[in-house]
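Summary of the model geometry
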Amino acid sequence: MIQQLDELTALPFALPDIGDAEIAEVVDTLQSGWLTTGPKTRKFEQDFADRIGVKHALAVNSATAGLHLSLEACGIKRGDKVLTTTMTFTATAEVIRYFGADPVFVDIDPATFNMDVAAVRAILENTTGIKAIMPVHFAGEACDMDPLLKLADQHGLKVIEDAAHALPTTYKGRMIGTLGDATVYSFYVTKTLATGEGGMVVTNDDEMAARIKIMRLHGISKDVFDRYQLSDKPTWHYDVVNPGFKYNMTDIAASIGLHQLQKIDRFASRREQIANAYGEAFKDLPVRCPKNSRPDDQHAWHLYVLRLDLEKLSIDRNRFIELMNERKIGTSVHFIPLHLQSYWSNKYDLKPQDFPVASKTFECIVSLPIYTKMRDDDVARVIDAVKTILKDATI
Ligand SMILES: *Cc1c(COP(=O)(O)O)cnc(C)c1O
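From a predicted model like this one, the values you see are computed outputs, not experimental measurements.

The next subject is the overall build of the protein chain. Looking only at helices and strands, the protein chain has 15 helices and 12 strands in total. Taking 395 residues into account, the globule formula puts the C-alpha radius of gyration at 21 Å, and the protein chain, at 22 Å, falls close to it. Over its C-alpha atoms, taken along the principal directions, the protein chain stretches across nearly 75 × 55 × 40 Å. A burial count over the protein chain gives 54% of its 395 residues as buried. Contacts spanning at least 24 positions in sequence make up 73% of the contacts within the protein chain whose residues lie at least 6 apart. For the protein chain, the accessible surface area stands at approximately 17,500 Å², while carbon and sulfur atoms represent 52% of it. For the protein chain, the centre of its 45 positive side-chain charges and the centre of its 53 negative side-chain charges are spaced 2 Å apart.

The structure is reproduced here in structure tokens:
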């Protein structure tokens with residue numbers, strides 16, 4: 001048995017899917033000499049805006065940067081509050097602290113792990129100083145945006161969507177990216193469009209777009225590329241209008257993004273196929289499989305988060321992960337809720353019982369591999385491992 005395991009190759013939790021077109025485009029960029037923000041980034045932005053169906057797409061070097069810039073363009077200040085979910089990566093909340101503003105965390109819906117709309121409503125009715133709301137489309141499934149947008153409107157809040165998982169995702173026939181004031185995507189290596197590091201902010205708001213464009217590159221009123229274009233001003237001229245940031249995307253990253261963007265629908269349908277195979281295979285096991293709760297919507301299936309029914313099992317989630325590791329299958333946990341992380345719990349005196357759904361959910365979730373480089377036999381291997389482990393552990 002041990003020997004057999006040694007012979008197994010590792011199946012990683014996630015892998016990017018980089019093709020020859022991406023590689024050729026990067027080589028072309030390297031040979032062109034224009035390595036930083038330039039023509040490839042312009043084209044990536046234009047293609048991205050067209051694909052989402054939005055006026056402005058602004059490339060940045062991470063989603064974290066894009067979220068920071070979006071809040072900055074909303075005028076978030078020290079002492080303001082921003083509402084977001086506890087079931088997210090720390091980046092969503094850390095950018096609020098960049099301003100000296102404070103996140104207000106909300107518990108999740110037990111079915112989707114998206115923010116609980118009723119809880120959002122209750123918080124908004126009982127809290128002063130909230131300026132914006134940051135929904136996170138968990139795993140690639142859209143939050144229930146209609147009631148959230150209505151609440152934001154009633155309370156005069158900006159809506160900045162964390163769409164790090166949500167490309168491509170739709171909500172009631174509308175593309176995520178066209179709904180809130182600004183929407184931010186991540187192109188981190190594990191995401192559904194990967195450039196290694198990178199991100200995109202999309203918005204229909206001309207003023208926000210103009211502000212983000214300036215602030216992503218040192219608060220300079222023209223960006224590097226424009227500086228070298230012909231205009232009535234001399235080419236060396238630029239003006240610093242604010243102390244901005246260094247958040248621009250390189251043309252090397254954009255070269256990868258251009259070609260990844262053309263594949264996002266094909267990628268999504270492969271991930272959906274894997275999700276369906278898992279759902280079918282696990283239906284009689286003591287687990288709850290994630291499902292697309294509005295079947296007419298496009299779910300991006302960035303993550304496949306299985307919920308173990310611990311009451312029917314003799315093992316806990318951590319042991320399940322160990323047993324998957326023994327079979328050399330990578331897994332992960334999305335997420336350790338923010339209220340259980342030292343910084344956030346200490347800073348805001350947050351207790352597990354303040355977020356009962358997220359706290360309980362955390363104990364029993366595990367993310368399985370779901371990516372386009374998985375072959376059918378990789379999917380079968382994950383299915384076989386999960387079935388064997390859980391059948392052996394069923395009480
Ligand atoms: C990955 C991720 C981010 C951060 O993305 P970067 O591009 O690495 O900055 C933000 N929010 C969520 C929900 C994520 O999963």
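Text resumes after the structure shown.
With that out of the way, let us pick up the domain arrangement of the protein chain. For the protein chain, the assigned domains read domain 1 (20-262) and domain 2 (264-393). Look at where the C-alpha atoms of domain 1 and domain 2 centre, and you get two points 26 Å apart. Of the residues lining the interface, 45 residues belong to domain 1; the matching set on domain 2 comes to 37 residues. Both faces considered, domain 1 and domain 2 share a buried interface measuring about 3,200 Å² in area, 61% of it formed by carbon and sulfur atoms. Of all residues in domain 1, the largest losses of buried area upon contact with domain 2 belong to F105, E141 and P168, amounting jointly to 17% of the total for that side. For the salt bridge of D265 with R51, the shortest nitrogen-to-oxygen distance reads 2.8 Å. Across the contact surface, domain 1 and domain 2 share 20 residue pairs in polar contact (both at pLDDT 80 or more). For the side of domain 1 that touches domain 2, the secondary-structure elements that each account for two or more residues are α5 (90-97), β3 (102-106), β6 (170-171) and α10 (251-261). Residue composition of the side of domain 1 that touches domain 2, by class: 21 nonpolar, 14 polar and 10 charged.

Let us now look at helix α3 (residues 39-52). The terminal C-alpha atoms of α3 lie 20 Å apart, and with 14 residues this matches the ideal 20 Å at 1.5 Å per residue to within 8%. Contacts made by the buried residues of α3 are with α2 (20-32), β1 (56-60), β7 (174-175), β8 (182-186), β9 (199-203) and α10. One or two steps after α3, the chain reaches G53, where phi turns positive at roughly 85 degrees.

Turning next to the site of the ligand. Taken together, 16 residues sit near the ligand, with T64, D162, H165, S186 and K191 positioned nearest. The backbone of A63 places a nitrogen or oxygen atom 2.8 Å from an oxygen atom of the ligand. Here an oxygen atom of the ligand and a side-chain polar atom of H165 are 2.7 Å apart. Bound to the protein, the ligand loses 92% of the 390 Å² it would expose on its own. In a pocket analysis with a 2 Å cut-off to the grid points, the ligand is assigned to the largest pocket. At the level of elements, α4 (63-73) and α5 are the ones that each hand at least two residues to the shell around the ligand. Looking at side-chain class alone, the shell around the ligand contains 7 nonpolar, 7 polar and 2 charged residues.

Turning our attention to the packing of aromatic side chains. The full count for this structure, using the stated rule, is 13 aromatic pairs. Here F48 and Y185 contribute two aromatic rings whose centre-to-centre distance is 5.1 Å and whose plane-to-plane angle is 70 degrees, an arrangement assigned as edge-to-face. Of this pair, F48 sits in helix α3 while Y185 sits in strand β8; the two residues are 137 residues apart in sequence, bridging distant segments of the chain. The same class applies to F48 as to Y185, namely buried. Ring geometry for F48 against F187: centres 5.8 Å apart, planes inclined by 65 degrees, an arrangement best described as edge-to-face. Taken together, the residues F48 in helix α3 and F187 in the loop between β8 and β9 connect sequence positions 139 residues apart. The structure contains a cluster of three or more aromatic residues connected by ring pairs, namely F44, F48, Y185 and F187. Against the face of F362 rests R317, its NZ or CZ located 4.7 Å from the ring centre. In this arrangement the basic side chain of K347 is found over the ring face of Y348, its NZ or CZ atom lying 6.0 Å from the centre.

This part takes up the layout of surface pockets. Approximately 600 Å³ is the volume found for the largest pocket. The wall of the largest pocket is formed by 38 residues, among which S186, Y188, T190, K191 and H302 lie closest to the centre. When residues of the lining of the largest pocket are traced back to their parent elements, those giving at least two are α4, α5 and α11 (264-281). Take the lining of the largest pocket: its biggest share by element is 3 residues, from α4.

On to the sheet that holds strand β5 (residues 158-162), then. As summarised here, the arrangement of the 7 strands in space is β1-β9-β8-β5-β4-β2-β3, forming an open sheet in which the pairing is mixed. Single-partner strands in this sheet number two, and they are β1 and β3. Ignoring strand direction, the axes of neighbouring strands in this sheet form an average angle of 25 degrees. Where strand β2 (residues 81-85) lies against strand β4 (residues 130-134), 4 bridges are found, and the strand directions are parallel. Of the residues in β4, the one forming a bridge with L83 is I133. Across the sheet, α5 touches β2, β3, β4 and β5, and the angle it forms with β3 is around 145 degrees. Strands β2, β3 and β4 of the sheet are contacted by helix α6 (residues 117-126), whose axis makes an angle of about 135 degrees with β3.

About the thresholds
Residues numbered from 1 in each chain as written. Predicted model: local features only at pLDDT ≥ 70, side-chain atom pairs only at ≥ 80, totals over all residues. Heavy atoms only, no water. Helix = DSSP H or I, 4+ residues; strand = E, 2+ residues; numbered from the N terminus. Rg over C-alpha atoms; globule rule 2.2 N^0.38 Å. Buried < 20%, exposed > 50% of the residue type's maximum accessible area, 1.4 Å probe, protein only. Contact = heavy atoms within 4.5 Å. Areas by Shrake-Rupley, 256 points an atom, 1.4 Å probe, with all protein chains shown as cover. Lys, Arg positive; Asp, Glu negative; His and termini not counted. Charge placed at Lys NZ, Arg CZ, Asp CG, Glu CD. Domains from an automatic or database assignment. Buried area = accessible area lost by both parts, 1.4 Å probe. Salt bridge = Lys/Arg side-chain N within 4 Å of Asp/Glu carboxyl O. Polar contact = N/O pair within 3.5 Å; in protein donor to acceptor, adjacent residues only side chain to side chain. Nonpolar A, V, L, I, M, F, W, Y, C, P; charged D, E, K, R; others polar. Expected span 1.5 Å × (residues − 1). Near = heavy atom within 4 Å. 1 Å grid on protein atoms, 1.4 Å probe; cavity = no way out; pocket = protein on both sides within 12 Å on 5 of 7 lines; lining within 4 Å. Sits in = over half its atoms within 2 Å of the grid points. Phe/Tyr/Trp six-rings, centres within 6.5 Å; stacked < 30°, edge-to-face > 60°. Lys NZ or Arg CZ within 6 Å of the ring centre and 35° of its normal. Points joined across faces, edges and corners; volume = space filled by probe spheres on them. Pairing = 2+ DSSP bridges. Axes fitted to C-alpha atoms, helices over the stretch in contact; angles between N-to-C directions.

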